[in-house]
Amino acid sequence: MAELFLAVRLGGDRLALRAAEVDSVVEIDALTPVPGAAAHVVGLSALRSRVLTVIDCLRSVDPSRSVAKGAREAVMAVVDGHPYALLVDAVEDVLEASGEPQPAGALTGGWRRAGRAVIEAEGDLLLLLDVEALIAGPAREAA
């Protein structure tokens, strides 16, 4: 069986996350800002008695941009025991890859840091994003 991926929209592009890294797809209702947090951390939100750190995925790869105003769809992932909500413009569908992930090629800036590979699904090429790189944000690139 081929590997499954979750297609998302981010900054007008159709991208992918490994389905195995996704805990669930959620809608973020209320956000509580975190003073002093990195710019890509938009706040905290509660979900089923758990506190989620909410990450703006577009700001994580391009600090001059942000997800669409009013975007509330997020992909929940648990990394090192901590739950995160990865805010995207839209969550689309689960896709089956047509083959193995291929090297991403010449990416620049935060896309080079967060882009893991390229997959082909449903006749489209999608950049496969690294969940941990999205969570770490630009600070990891500068270090």
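Each value, and the rule that gives it
Residues numbered from 1 in each chain as written. Predicted model: local features only at pLDDT ≥ 70, side-chain atom pairs only at ≥ 80, totals over all residues. Heavy atoms only, no water. Core = buried A, V, L, I, M, F, W, Y, C linked by side-chain atoms within 4.5 Å. Buried < 20%, exposed > 50% of the residue type's maximum accessible area, 1.4 Å probe, protein only. Helix = DSSP H or I, 4+ residues; strand = E, 2+ residues; numbered from the N terminus. Contact = heavy atoms within 4.5 Å. Pairing = 2+ DSSP bridges. Axes fitted to C-alpha atoms, helices over the stretch in contact; angles between N-to-C directions. Salt bridge = Lys/Arg side-chain N within 4 Å of Asp/Glu carboxyl O.

Draft legend 1. Structural view of the nonpolar core. If you look at the biggest cluster of nonpolar residues, it comprises 37 residues, and the most contacted ones within it are Val-8, Leu-10, Ile-28, Leu-86, Trp-111 and Leu-129. The leading source of residues in this core is strand β6 (residues 73–79), at five residues. Other than its neighbours up to four places away in sequence, Leu-129 contacts Leu-10, Leu-15, Ala-16, Leu-17, Glu-21, Trp-111, Ala-114 and Leu-134. Counting ten residues, the second-largest nonpolar core is a separate cluster that includes Phe-5, Ala-7, Ala-16 and Ala-121.

Draft legend 2. Focus on the sheet that holds β6. Within the open sheet, the five strands sit side by side as β3-β6-β7-β5-β4. Their pairing is mixed. Each of the sheet's edge strands pairs with one partner strand only, and the pair in question is β3 (24–27) and β4 (41–47). Taken pair by pair, the neighbouring strands of this sheet meet at an average axis angle of 35°, ignoring direction. Bridge count between β3 and β6: four bridges; the pairing is antiparallel. Residue pairing in the sheet places Ser-24 in a bridge with Met-76 of β6.

Draft legend 3. Representation of the pattern of salt bridges within the structure. This model, assessed by the stated rule, comprises seven salt bridges. Salt-bridge contacts for Arg-14 lead to Glu-122; the nearest nitrogen and oxygen are separated by 3.6 Å. Taken as a pair, Arg-14 in strand β2 (residues 13–18) and Glu-122 in the loop between β9 (115–121) and β10 (124–129) lie far apart in primary sequence, 108 residues in all. A residue is classified by how much of its surface remains accessible, and Arg-14, at 18% relative accessible area, is buried. Arg-116 is the partner of Asp-130 in a salt bridge, and the nearest nitrogen-oxygen pair spans 3.8 Å. Residue Asp-130 is located in the loop between β10 and α3 (131–136), and its partner Arg-116 is located in strand β9; the two are separated by 14 residues in the primary sequence. Ionic contacts of the salt-bridge type, sharing partners, join the residues Arg-9, Arg-14, Glu-92, Glu-122 and Asp-124 into one network.

Draft legend 4. Expanded view of the environment of Ala-7. The residue Ala-7 is located in strand β1 (residues 4–10) in this model. Judged by relative accessible area, Ala-7 falls into the buried class, the value being 0%. C-alpha separation for the pair Ala-7 and Ala-38, spaced 31 residues apart in sequence, amounts to 26 Å. Among all residues touching Ala-7, those that are not within four sequence positions of it are Arg-14, Leu-15, Val-91, Glu-92, Asp-93, Leu-95 and Leu-126.

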